[in-house]
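As a plain string of letters, each chain reads:
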Amino acid sequence: MDQPRALVIGGGIGGLTAAVALRQRGWAVTVLERAPELTPVGAGLGLAPNAQRALDVIGLGDRVRALSAWQGDGGLRAPGGRWLSRTSGKAAADRFGGPLVLVHRATLVSLLASALPEGVVRTGTAAELTDPGDVGRPAVVSTPDGELEADLVVAADGIRSAVRRALFPGHPGPRYTGLTTWRVVVPAPERPFAPHETWGRGRLWGTQPLKDGRVYAYAMATAPEGAHAPGDERAELRRLFGDWHDPVPGIIEAADPGQVLRHDVHEMAVPLPAYHRGRVALLGDAAHAMQPTLGQGGNQAIEDAVVLAHHVGRNGDSGPAAEGATGLATGLAAGLATGLAAGLASYSADRLPRTTAIVRQATRTGRMTAVSNPVAVAVRDALIVAVSRFGPGLILRGFAGIADWRPPQHTYASGTPRQ
């Protein structure tokens, strides 16, 4: 029996996870990546227990957990160094089933790519959706080498997704949040430090260790859209954060000015009506771009990928697309098309409410970090201190329903059931 064929547009974290998951469900997959090589934009990425459990589904969860750096206790600080709240790594792991694992994006991309056979990923290949297809016809994607037909197209082409615009031309798309971010990876400072996030007046800084001994630092501040430093971005970080508590000034000075990444923050404030149309599924930032304030953007893309594979699965026992005589197992005819349509509808129904809620929660958190009025900042900090007196459990409550998520299927890569 011929395999159903999927084309994945975009070779980022979400696209590669989808490719691995779909292949394990019996699909023939090709990933079309515009860039000449798989070089991810970004620096660090925090993988919460929800994303780790999603990666368990494709047999990569434990390999990611092995990348965890011991972080101990950390918390939230004020620019002068005062601790506003303390968080316990053990309390977080006990509550959500595992620790936060901070990895370099390039490390995760390499890990995902290594799970795919040679030839699955085609770099240097721009792809454009020509026809989304429907029950009666396949989807069509055009490339410099010609048109490709597919039973399923997965659009993982990022926040400026051309596929999303083609599917939903009337949607307003992402909007600028008024915030810009900086990210950098530097050697660890000589003096040890507690992992922290620091909130100031309309500014935020975070410093976290990586497994390889380096440090991932990120910053966020209010700024006009498209603004850039008159000199280099390290100088801008020095201007904004250079008088904050240790180790912030040392991290800034250790940064290579050419390696400081700056990007404006956009979000999908208006949800899409669905995450699919025809034979095309959207995932990750293409579907639900969010502020980085909860650290869930990449995590939700990974969730999307394994849930999509579950609902359009061919050789498992879950998901409407794998049930009955009209499921994917009946071949590439009417049964495939009918089962796929049902599977994509289930994918949208599964993912849209969850990701919409997380987008909105990230927006609310972003508003708290963007407060700049001195009185409002004092009130915000006082509330954080008051809540923290009840222990880390109350602080962690904001991640309930996010970090404790579990995938809907068995971890079929290892043959073990979900827990």
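Rules behind the numbers
- Residues numbered from 1 in each chain as written.
- Predicted model: local features only at pLDDT ≥ 70, side-chain atom pairs only at ≥ 80, totals over all residues.
- Heavy atoms only, no water.
- Core = buried A, V, L, I, M, F, W, Y, C linked by side-chain atoms within 4.5 Å.
- Buried < 20%, exposed > 50% of the residue type's maximum accessible area, 1.4 Å probe, protein only.
- Contact = heavy atoms within 4.5 Å.
- Phe/Tyr/Trp six-rings, centres within 6.5 Å; stacked < 30°, edge-to-face > 60°.
- Lys NZ or Arg CZ within 6 Å of the ring centre and 35° of its normal.
- Pairing = 2+ DSSP bridges.
- Helix = DSSP H or I, 4+ residues; strand = E, 2+ residues; numbered from the N terminus.
- Axes fitted to C-alpha atoms, helices over the stretch in contact; angles between N-to-C directions.
- Parallel < 35°, antiparallel > 145°, perpendicular 65-115°, else oblique.
- Left-handed = near helix turned anticlockwise from the far one by under 90°.
- Nonpolar A, V, L, I, M, F, W, Y, C, P; charged D, E, K, R; others polar.

Enquirer: Where do I start with the nonpolar core in this structure?
Expert: Generally speaking, nonpolar side chains in soluble globular proteins are found buried as a group. Core analysis: the biggest nonpolar cluster contains 68 residues, and L22, L47, L108, L152 and L282 have the highest contact counts within it. Not counting chain neighbours up to four residues away, the residues in contact with L22 comprise A6, W27, V29, L152, V154, A309 and V312. Counting residues in each nonpolar core, the second largest holds 17 residues, with W182, A217, L240 and I252 among its members.

Enquirer: Can you help me understand the packing of aromatic side chains in this one?
Expert: The description of an aromatic ring pair rests on the distance of the ring centres and on the angle between the ring planes. Evaluated as defined, the whole model comprises 4 aromatic pairs. Ring centres of Y216 and Y218 lie 5.6 Å apart, and the angle between their planes is 40 degrees; on these two criteria the pair is classed as tilted. Both residues of the pair, Y216 and Y218, count as buried. Here the aromatic residues W182, W205, F241 and W244 are joined through ring pairs into a cluster of three or more. Here the basic side chain of R77 rests over the ring of W83, its NZ or CZ set 4.4 Å away from the ring centre. Between R86 and the ring centre of W83, over which it is positioned, the NZ or CZ distance is 3.9 Å.

Enquirer: Teacher, can you tell me more about the sheet that holds strand β5 (residues 83-87) here?
Expert: Backbone-to-backbone hydrogen bonds join strands into a sheet, with any given pair of strands oriented parallel or antiparallel. Across the sheet, which stays open at both edges, the 7 strands sit in the order β5-β4-β13-β14-β15-β12-β16 with mixed pairing between neighbours. The sheet terminates laterally at β5 and β16 (261-267), the two strands that pair on one side only. Taken pair by pair, the neighbouring strands of this sheet meet at an average axis angle of 20 degrees, ignoring direction. Here strand β12 (residues 175-187) runs beside strand β15 (residues 214-222); their pairing, made up of 9 bridges, is antiparallel. Residue pairing in the sheet places P187 in a bridge with R214 of β15. Helix α7 (residues 233-241) contacts β12, β14 (203-209), β15 and β16 of the sheet and is inclined by roughly 110 degrees relative to β14.

Enquirer: I'm lost on the packing of helix α1 (residues 13-24) against helix α10 (residues 297-311) in this one. Help?
Expert: Two packed helices can be described by the angle between their axes and the distance between those axes. Packing of α1 against α10 brings their axes to within 8 Å, and their N-to-C directions diverge by 25 degrees. Classed by the angle they form, the pair α1 and α10 counts as roughly parallel. Both α1 and α10 take part in a crossing whose hand is right-handed. Contacts between α1 and α10 involve I13, G14, T17, A18, A21 and L22 on the former and, on the latter, A301, I302, A305, V306 and A309. Split into classes, the residues belonging to the contact of α1 with α10 amount to 9 nonpolar, 2 polar and no charged.

Enquirer: So what exactly am I meant to see when it comes to the packing of α1 against helix α5 (residues 105-114) here?
Expert: At a minimum axis distance of 9 Å, the contact between α1 and α5 shows a crossing angle of 20 degrees. It follows from the interaxial angle that α1 and α5 lie roughly parallel. Of the two possible hands of crossing, α1 and α5 adopt the one that is left-handed. Where α1 abuts α5, its residues I13, L16, T17 and V20 lie against R105, L108, V109, L112 and A113. Tallied by class, the residues present in the contact of α1 with α5 amount to 7 nonpolar, 1 polar and 1 charged.

Enquirer: Before we go on, may I ask you to explain the environment of A43 in this structure?
Expert: Among the secondary structure elements, A43 is positioned in the loop between β2 (28-32) and β3 (44-47). We classify A43 as buried; its relative accessible area is 4%. Distance in space between the C-alpha atoms of A43 and R183 is 6.3 Å, their sequence separation being 140 residues. Setting aside residues up to four positions removed in sequence, A43 forms contacts with V103, H104, R105, R183, V184, V185, Y216 and L261.

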